[in-house]
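# Geometric and topological summary
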Amino acid sequence: MPNAMLEMRLYLLQRLTAVLMLPMVIGHLATIMYATRSELTAASILERTQSSPWLVVFYTGFVVLVAIHAPLGLRKIMGEWLRLPSKLANSISFVLFIVFLGLGLRGVWALTGVAIS
Amino acid sequence: MTGFRFNLSYFAFLLHRLSGLALVCFLPFHFLVLGLGLEGEAALNQMLVFTEQPMVKFGEWVLVVLFSLHLLLGLRVLVIEWAPWPHHGGLRSGWVIIAGGLGLALGWLFLDGVLS
Amino acid sequence: MSHLTVRIWRGADEGEFQSFSVPMRENQTVLDVVSEVQRSQDQSLSYRFACRVGVCGSCAMMVNGKPRWTCRTHIRSLKASVVTIAPLRNMPRIKDLVTDMSSFIDKWGKAGNVFESQRDRGDAPAQVDPASPMRKAADAAIECINCGVCHAACDVVSWNDAYLGPAALNRAWSLVNDERHSGKKETMAAAMGDGGCGNCHSQGNCMAACPIGLSPTRSIAGLKKMSLLSLLGGSDA
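Residues numbered from 1 in each chain as written. Chains lettered and ligands numbered in written order. Predicted model: local features only at pLDDT ≥ 70, side-chain atom pairs only at ≥ 80, totals over all residues.

### A few points about the overall build of chain C
Applicable threshold: Runs of H or I in DSSP of at least four residues are treated as helices and runs of E of at least two as strands, each being numbered from the N terminus. Exposure is read from a count of other C-beta atoms within 10 Å of each residue's own; the residue is exposed at 12 or fewer, buried at 20 or more and partly exposed in between. C-beta atoms are placed from the backbone.
Across its full length, chain C holds 10 helices and seven strands. C-alpha extents for chain C along the principal axes are approximately 65 × 35 × 30 Å. Within chain C, buried positions represent 46% of all 237 residues.

What follows is the structure in structure tokens.
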């Protein structure tokens, strides 16, 4: 069974990313609640988002985890509801991982002021 | 082939999957909006003006509720799969109701911050 | 005397529902109705049954969309004016209400479900403590008689051809908890593999449908926990 361990490993990866994201989702929700009660101009937002290197660490980590977690969820939907063959679903999932990772890191680093050349 | 299928646990699965799907469709737009930081404050301010529209605020409310639901229903899955199985209520049906309530509560909390 | 309308599937994958009318009786199970139709109205109707008293599982069919043992389903409990009877879902159809259960049995086997022992007749019988956690876990799952109802109830089975299904995985769980079973590694590998326990979404249809109150979801959760522990423990299943 060439795929035997793959399925189990992806299942565990999905659960692992979920567990790690639990506090991050709570943190992000808290951030949303705080932000909507604060001044919402570009200048004041950027002042807050660029205020701490820990924000960079937090949101970079969050992006990496969601870039893994979201395509894995889609992979199941592709296989079960769209009935795509597993090779195709796996390939699309991997591409989505790259796309989310790229767009996500770009977005986080744009707002937190990390220099992107 | 419906009928027996729609027990609370199945409904929880459906809600969890559909909320995840909605969130993943939103994600690229979210990342692109964040990326506006690269284009300077003017671009960000323009986007902020756009998001003041009631329709956008409603969409944001939906996202906050779905985000909370997805978290809580996911936590339920982790508990079902890894916590010791209790004598009764292994499928944690009560959690589904609590998740729904908490999701709406967090949505209200969001709206409260937005409208004030 | 009032009458009951039943719609019964005729044909195989291609076919249609055929309507029959039977007298409504005080005590009447779905199996009684199917038998009456076959004996007095249409002898070409094919169906399976054996014990007719709710212990063998042979008479399982879809009744108003739900997989059930027809000998244990009283017509009056359905509270419906029309009863629709179809062959078990998620299995190829042979004729009318008879399905081909070989794919179900094959998946049973694919979940690593052959009991293996290193003992022979020269060894003393194994001393298994019935109160031990392992034996209790096995006992909770052991009563399955392969009726196929949970397999028909499961949506993941209908969405994923590779998925072994609740019955097969429930059986795997009872084996990995059997201290006499020397093939635990193989059973675990099969139960955690491509069509294995990771595919279960805890929808709970199997639990709701099992006529003897088993919980494949619980067994599968046990297998999932075991896979996590084996990963943390570093051993390769």
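### Describing the packing of helix 3 (residues 53–80) of chain A against helix 1 (residues 8–34) of chain B
The following threshold applies: Axes, fitted as lines to C-alpha atoms, cover a helix only where it is in contact. Angles between the N-to-C directions of the axes lie from 0 to 180 degrees. Note on terminology: angles under 35 degrees are roughly parallel, angles over 145 are roughly antiparallel, angles of 65 to 115 are roughly perpendicular, and the others are oblique. Note on convention: the crossing is left-handed when the near helix lies turned anticlockwise from the far helix by less than a right angle, right-handed when the turn is clockwise. Placing C-beta atoms from the backbone, we regard two residues as in contact once those atoms come within 7 Å. Polar here means any residue outside two lists: the nonpolar Ala, Val, Leu, Ile, Met, Phe, Trp, Tyr, Cys and Pro, and the charged Asp, Glu, Lys and Arg; Gly therefore counts as polar.
Contact geometry for helix 3 of chain A and helix 1 of chain B: axes closest at 10 Å, N-to-C directions at 125°. In terms of their interaxial angle, helix 3 of chain A and helix 1 of chain B are classed as oblique. Viewed along their axes, helix 3 of chain A and helix 1 of chain B form a crossing whose handedness is left-handed. Of helix 1 of chain B, the residues touching helix 3 of chain A (which contributes Ala 70, Gly 73, Leu 74 and Ile 77 of chain A) are Arg 17, Gly 20, Leu 21, Val 24 and Leu 27 of chain B. Classifying every residue of the contact of helix 3 of chain A with helix 1 of chain B gives six nonpolar, two polar and one charged.

### Comments concerning the interface of chain C and chain A
Taken together, the 11 residues of chain C in the interface contact 10 residues of chain A. Counting residues per element, the ones that place at least two in the side of chain C that touches chain A are helix 8 (184–192) and helix 10 (216–233) of chain C. For the side of chain C that touches chain A, the element with the highest residue contribution is helix 10 of chain C, accounting for three residues. Within the side of chain C that touches chain A, the residues separate by chemical class into five nonpolar, five polar and one charged.

### Concerning the sheet that holds strand 1 (residues 3–11) of chain C
Residues and elements named next belong to chain C. Convention followed: Two strands pair if DSSP finds at least two bridges between them.
An order of 2-1-5-3-4 is seen for the five strands of this open sheet, with the pairing classed as mixed. A strand with exactly one partner marks an edge of an open sheet, and here the two such strands are strand 2 (15–23) and strand 4 (66–69). Sheet twist, expressed as the average angle between the axes of neighbouring strands with direction ignored, equals 35°. Summarising the sheet, strand 1 and strand 2 pair through nine bridges and their orientation is antiparallel. What sits directly across from Thr 5, in strand 2, is Ser 21.

### As for the domain arrangement of chain C
All names here are of chain C. The condition that has to hold: Note: domain ranges come from an automatic or database domain assignment.
Here chain C is partitioned into domain 1 (3–99) and domain 2 (102–233). Its C-alpha centre places domain 1 at a distance of 30 Å from the equivalent point of domain 2. Taken together, the contacts link 14 residues of domain 1 with 14 residues of domain 2. Of all elements in the fold, only strand 3 (60–63) and strand 4 reach the threshold of two or more residues within the side of domain 1 that touches domain 2. Broken down by element, the side of domain 1 that touches domain 2 gets its largest block of residues, four residues, from strand 4. For the side of domain 1 that touches domain 2, the residue count by class is eight nonpolar, two polar and four charged.

### Section: the interface of chain A and chain B
Counting residues at the interface gives 29 residues for chain A and 28 residues for chain B. For the side of chain A that touches chain B, the class distribution of residues is 21 nonpolar, five polar and three charged.

### A short note on the environment of Ser 19 of chain C
Tracing the sequence through the fold places Ser 19 of chain C in strand 2. If near-sequence neighbours (up to four positions away) are discounted, Ser 19 of chain C is found in contact with Thr 5 and Arg 7 of chain C.

### A short note on the packing of helix 1 (residues 4–36) of chain A against helix 3 (residues 54–82) of chain B
Between helix 1 of chain A and helix 3 of chain B, whose axes approach to 10 Å, the crossing angle comes to 145°. Like other packed secondary-structure pairs, helix 1 of chain A and helix 3 of chain B cross with a definite hand, here left-handed. Contact residues: Arg 15, Ala 18, Val 19, Leu 22, Val 25, Leu 29 and Ile 32 of chain A in helix 1 of chain A; Val 64, Phe 67, Ser 68, Leu 71, Gly 74, Leu 75 and Leu 78 of chain B in helix 3 of chain B. Across the contact of helix 1 of chain A with helix 3 of chain B, the residue classes tally to 11 nonpolar, two polar and one charged.

### Points about the nonpolar core
The line we're drawing: For our purposes the nonpolar core covers buried Ala, Val, Leu, Ile, Met, Phe, Trp, Tyr and Cys residues that link as a set through C-beta atoms within 7 Å.
The biggest cluster of nonpolar side chains holds 102 residues, and the ones touching the most others in it are Met 61, Ile 85, Leu 169, Ala 172, Ala 191 and Leu 223 of chain C. The element contributing the most residues to this core is helix 3 of chain B, with 10 residues. Split by domain, this core shows at least three residues from each of two domains, domain 1 (3–99) and domain 2 (102–233) of chain C. Other than its neighbours up to four places away in sequence, Ala 191 of chain C contacts Ala 111, Gly 112, Leu 169, Ala 172, Gly 196, Cys 197 and Leu 223 of chain C.

### Brief notes about helix 10 of chain C
Applied cut-off: Expected span, for any helix, means 1.5 Å times one less than how many residues it has.
Here helix 10 of chain C contains 18 residues, and its C-alpha end-to-end distance of 25 Å stays within 8% of the 26 Å for a straight helix at 1.5 Å per residue. All buried positions along helix 10 of chain C are accounted for by Pro 216, Thr 217, Arg 218, Ser 219, Ile 220, Ala 221, Gly 222, Leu 223, Lys 224, Met 226 and Ser 227 of chain C.

### Considerations on unusual backbone geometry
Its identity as a non-glycine residue notwithstanding, Arg 92 of chain B has a phi of 50°, on the positive side. Looking at the secondary structure, you find Arg 92 of chain B in the loop between helix 3 and helix 4 (93–115). Given 21 C-beta atoms within a 10 Å radius, Arg 92 of chain B is considered buried. A positive phi angle is found at Lys 79 of chain C, which is not glycine, with a value near 50°. On the secondary structure map, Lys 79 of chain C appears in the loop between helix 2 (75–78) and strand 5 (82–86).

### A closer look at the confidence of the model for chain C
As a note on interpretation, predicted positions should not be read in detail where pLDDT is low. As a reminder, the rule being used: Per-residue confidence from the predictor is reported as pLDDT, which spans 0 to 100.
For chain C, the average pLDDT comes to 93, and 98% of its residues sit at 70 or higher. In the predicted complex, the global pTM is 0.93; the interface-specific ipTM is 0.89.

### Re the pairing of strand 1 of chain C
By the bridge criterion, four bridges tie strand 1 of chain C to strand 5 of chain C in an arrangement that is parallel. Looking at the pairing, Arg 7 of chain C lines up with Thr 84 of chain C of strand 5 of chain C.

### Description of the environment of Leu 10 of chain A
Residues and elements named next belong to chain A. Within the secondary structure layout, Leu 10 lies in helix 1. The class of Leu 10 is partly exposed, set by 18 C-beta atoms lying within 10 Å. Sequence spacing of Leu 10 and His 69 is 59 residues, and the spatial spacing of their C-alpha atoms is 9.6 Å.

### A short note on the confidence of the model for chain A
Of all residues in chain A, 95% attain a pLDDT of 70 or more, and the chain-wide mean is 91. Helix 2 (residues 42–49) of chain A is the least confidently modelled element of chain A, averaging 85 in pLDDT, while helix 3 of chain A averages 96, the highest of any element.

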